[in-house]
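Listed here are the chains, written in short residue letters.
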Amino acid sequence: MFKVQDLQFKYPKNKENTIKGISFEIKEGEIFGLLGPSGVGKSTTQKVLIKLLDQYSGEVTYKEQNLKSYGKDFYQEVGVGFEMPVHFSKLTAEENLTFFKKLYKSNADTDELLMRVGLYEDRNKQVSEFSKGMKGRLNFVRALLNNPKMLFLDEPTNGLDPKNARIIKDMIKEFKGNGGTVLLTTHLMNDVDELCDRVAFMVDGKISEIDTPKNLKLKHGQKQVEIEYLENTGNNETKKAFFDLEELGMNEQFLELIRTKEIVTIHSKETNLDDIFIKVTGVEKNE
Amino acid sequence: MNNILVLFTGELERMKKYHVLGASLVVSLIWIGVLYFTEISDVSNIFPLLLYIDATSMSMLMIGVTMFFEKQEGTIKTLLVSPISKAEYIVAKALANIVSNIVTLFVLYLYAWFFKEIDINLIGIFLAIVIVAFFHSLIGFMLTYYSKDFTDLLMGMMKYAFVMMVPVILETFGLISNNFIQKLLYAVPTKASMLLLQASAGGIEAWEIYLSIAYLVIGSTLLYVIVSRKFDEFAAKESGV
Ligand SMILES: Nc1ncnc2c1ncn2[C@@H]1O[C@H](COP(=O)(O)OP(=O)(O)OP(=O)(O)O)[C@@H](O)[C@H]1O
Ligand SMILES: [Mg+2]
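None of the values given here were measured: they were computed from a predicted structure.

Asker: It is not clear to me how the interface of chain B and chain A should be interpreted in this structure. Could you clarify?
Answerer: Buried accessible area, meaning the area lost when the parts come together, often serves as the stated size of an interface. Taken together, the contacts link 26 residues of chain B with 27 residues of chain A. When the two sides are added together, the surface that chain B and chain A hide from each other amounts to roughly 2,700 Å², 67% of it contributed by carbon and sulfur. One can count 2 salt bridges joining chain B with chain A. A salt bridge links Lys17 of chain B to Glu95 of chain A, with the nearest nitrogen and oxygen atoms 2.9 Å apart. Applying the counting criterion to the chain B and chain A interface returns 6 residue pairs in polar contact (both at pLDDT 80 or more).

Asker: So what exactly am I meant to see when it comes to the confidence of the model for chain B here?
Answerer: Close inspection of predicted coordinates is inappropriate in any region flagged by low pLDDT. Residues and elements named next belong to chain B. For chain B, per-residue confidence averages 93 on the pLDDT scale, and 99% of positions sit at 70 or higher. Between the elements of chain B, mean pLDDT differs from a low of 89, seen in helix H8 (residues 179–184), to a high of 96, seen in helix H6 (residues 122–145). Note on the complex model: pTM 0.87, ipTM 0.90.

Asker: Would you take a moment to explain a nonpolar patch on the surface for this structure?
Answerer: Residues and elements named next belong to chain B. Taken together, the side chains of Met158, Phe162, Val163, Val166, Leu170, Phe173 and Leu175 present a nonpolar region at the surface, about 720 Å² in accessible area. As for its position among the elements, Phe162 is in helix H7 (residues 150–172). The exposure class assigned to Phe162 is exposed, which follows from its relative accessible area of 59%.

Asker: So what exactly am I meant to see when it comes to the packing of aromatic side chains here?
Answerer: The way to describe two aromatic rings as a pair is by their centre distance and the angle between their planes. Taken as a whole and judged by the stated rule, the model has 25 aromatic pairs over all chains. Their ring planes at 85 degrees and their centres at 5.2 Å tell us that Tyr62 of chain A and Phe74 of chain A sit as a pair that is edge-to-face. Of this pair, Tyr62 of chain A sits in strand S4 (residues 57–62) while Phe74 of chain A sits in the loop between strand S5 (65–66) and strand S6 (78–81), placing them 12 residues apart in sequence. Between the aromatic rings of Phe114 of chain B and Phe115 of chain B, the centroid separation amounts to 6.4 Å while the plane-to-plane angle is 55 degrees, which identifies the pairing as tilted. Relative accessible area serves as the criterion here: at 60%, Phe115 of chain B is assigned to the exposed category.

Asker: What exactly am I supposed to notice about the packing of helix H4 (residues 132–144) of chain A against helix H5 (residues 162–177) of chain A here?
Answerer: A packed helix pair is summarised by two numbers, namely the angle formed by the two axes and the spacing between the axes. All names here are of chain A. Direction vectors running N to C along H4 and H5 enclose 15 degrees, while the axes themselves pass 11 Å from each other. The angle between the axes of H4 and H5 places the two elements in the roughly parallel class. In this structure, H4 meets H5 at a crossing whose hand is left-handed. Contacts between H4 and H5 involve Arg137, Phe140 and Leu144 from the first element and Asn164, Ile168, Met171, Ile172 and Phe175 from the second. In terms of residue class, the contact of H4 with H5 is made up of 6 nonpolar, 1 polar and 1 charged.

Asker: How should unusual backbone geometry be read in this particular structure?
Answerer: Among all residues save glycine, negative phi is the norm, and among peptide bonds the norm is trans. All names here are of chain A. With a phi close to 50 degrees, Asp6 is a non-glycine residue in the positive phi region. Of note, Asp6 is situated in strand S1 (residues 2–9). In this structure, Asn147 takes a positive phi of about 50 degrees despite not being glycine. By the element assignment, Asn147 lies in the loop between H4 and strand S7 (150–154). Asn147 sits in the partly exposed class, given a relative accessible area of 41%.

What counts, and where the lines are drawn
- Residues numbered from 1 in each chain as written.
- Chains lettered and ligands numbered in written order.
- Predicted model: local features only at pLDDT ≥ 70, side-chain atom pairs only at ≥ 80, totals over all residues.
- Heavy atoms only, no water.
- Contact = heavy atoms within 4.5 Å.
- Buried area = accessible area lost by both parts, 1.4 Å probe.
- Salt bridge = Lys/Arg side-chain N within 4 Å of Asp/Glu carboxyl O.
- Polar contact = N/O pair within 3.5 Å; in protein donor to acceptor, adjacent residues only side chain to side chain.
- pLDDT = per-residue confidence, 0-100.
- Helix = DSSP H or I, 4+ residues; strand = E, 2+ residues; numbered from the N terminus.
- Patch = residues over 30% accessible without salt bridge, like charges linked within 9 Å, V, L, I, M, F, W, Y side chains within 5 Å.
- Areas by Shrake-Rupley, 256 points an atom, 1.4 Å probe, with all protein chains shown as cover.
- Buried < 20%, exposed > 50% of the residue type's maximum accessible area, 1.4 Å probe, protein only.
- Phe/Tyr/Trp six-rings, centres within 6.5 Å; stacked < 30°, edge-to-face > 60°.
- Axes fitted to C-alpha atoms, helices over the stretch in contact; angles between N-to-C directions.
- Parallel < 35°, antiparallel > 145°, perpendicular 65-115°, else oblique.
- Left-handed = near helix turned anticlockwise from the far one by under 90°.
- Nonpolar A, V, L, I, M, F, W, Y, C, P; charged D, E, K, R; others polar.

Structure, rendered in structure tokens:
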């Protein structure tokens, strides 16, 4: 769908490049995750792909054609779900959707979408009376109202309760199931694990790693056993020890420990994407 | 073009919902108050004056206010990723603005017609308002591009009013008699606006009318090109995803 080659971008006001030469591909029909700490240029990259910034160097193609060669019709098949609320607050949900629908050739059944995300009852309410989560769900419906082929989503489950987050995630999977392509920006590793076919980690304007979530876990992950035990049975001071899960039965230290010490807890640990995030980006997640 | 129509009607709907049209009607009531309290019964000469103030300042203000709402609510972002061109966006907004100015014209004209005496060329003043309001809508775009916030926008409008609008009003009232300054005023768009509006009541030289039309048409064209160019910069700034 998209092919990005050596993309570099500098905001006019800044001295340094914000995007410092990145290359990646978003394949048709996949959910591609763009991850990274705050301020590394994820949104900037997204803005380039949705043609909001055009003073970049490097090459970006959409469906094998230079992105710059597309006119406004590009947006006929693109849906953008913003993180911030982007609706006319003095209009109702319905009025907002009706207005935007008229700008597109193809229209989705927004009543059905509203029902799915649980907003149908509230469709005639002014958006200013919506809660944060309701606005987020309305953003998602808006992104789908033109039956897009390519969907850009920025933190789509942000601020949603687990039930609604579930609904949105299921709808994203369905969108993909119907042949849609998605670029997903998020900080929530659970969402990435569940939804993304491939992820790119961005660090300081560059991409440090692109792979499937599974491969990343294989590559960076270790399977370990964490044991918490009492050093002396006399006091309550506990200590922790870690052992590789592999060939645990032949690990003399491990065997010695469980034979001689009083065990408080014992857990097997798999590196999750959160740990990989920190390892790959070198940054503690701050959001 | 279909998109322009959608954007234009959407703009009017929102001007109503956000009470921008209401505010504009309140301003019309102020002008009616002025007409009511004038001693003269034939208001043909002060009528263009009121519309001069309205078509210039309200145009700038309304573009500023509606775009300010779009910035504040982030809807400008949504519009920027919709299949509309910036030309459609700019023109639709200016058209909605012109409509609101025309409404004011008719409200005032009806009042004057029923309760006072008025003898002006209605088609002439109609066309004058279209072009004056279009020009000043574009000024409104420029002011909005360069304003950080709403206060900034108001300050920009104040400056425009003091430098461009007030001297022309003073001259119209005969308060500026300096020959050099009078000549200098032909260089400002507000003078051309005033002349065109006054022309509907008569007493304006033909060459002044032609000069004013040429000024505003060429001025609007140039200004449109600049507004359109600068739109990309504005869009990049407002498009935070
Ligand atoms: N309009 C702008 N002008 C100048 N600099 C900008 C602009 N927008 C963003 N930046 C800078 O570019 C860098 C990348 O910003 P970007 O919004 O792409 O980050 P991000 O990865 O999306 O972060 P987050 O996770 O917080 O959304 C930041 O240092 C930011 O300050
Ligand atoms: Mg961002």
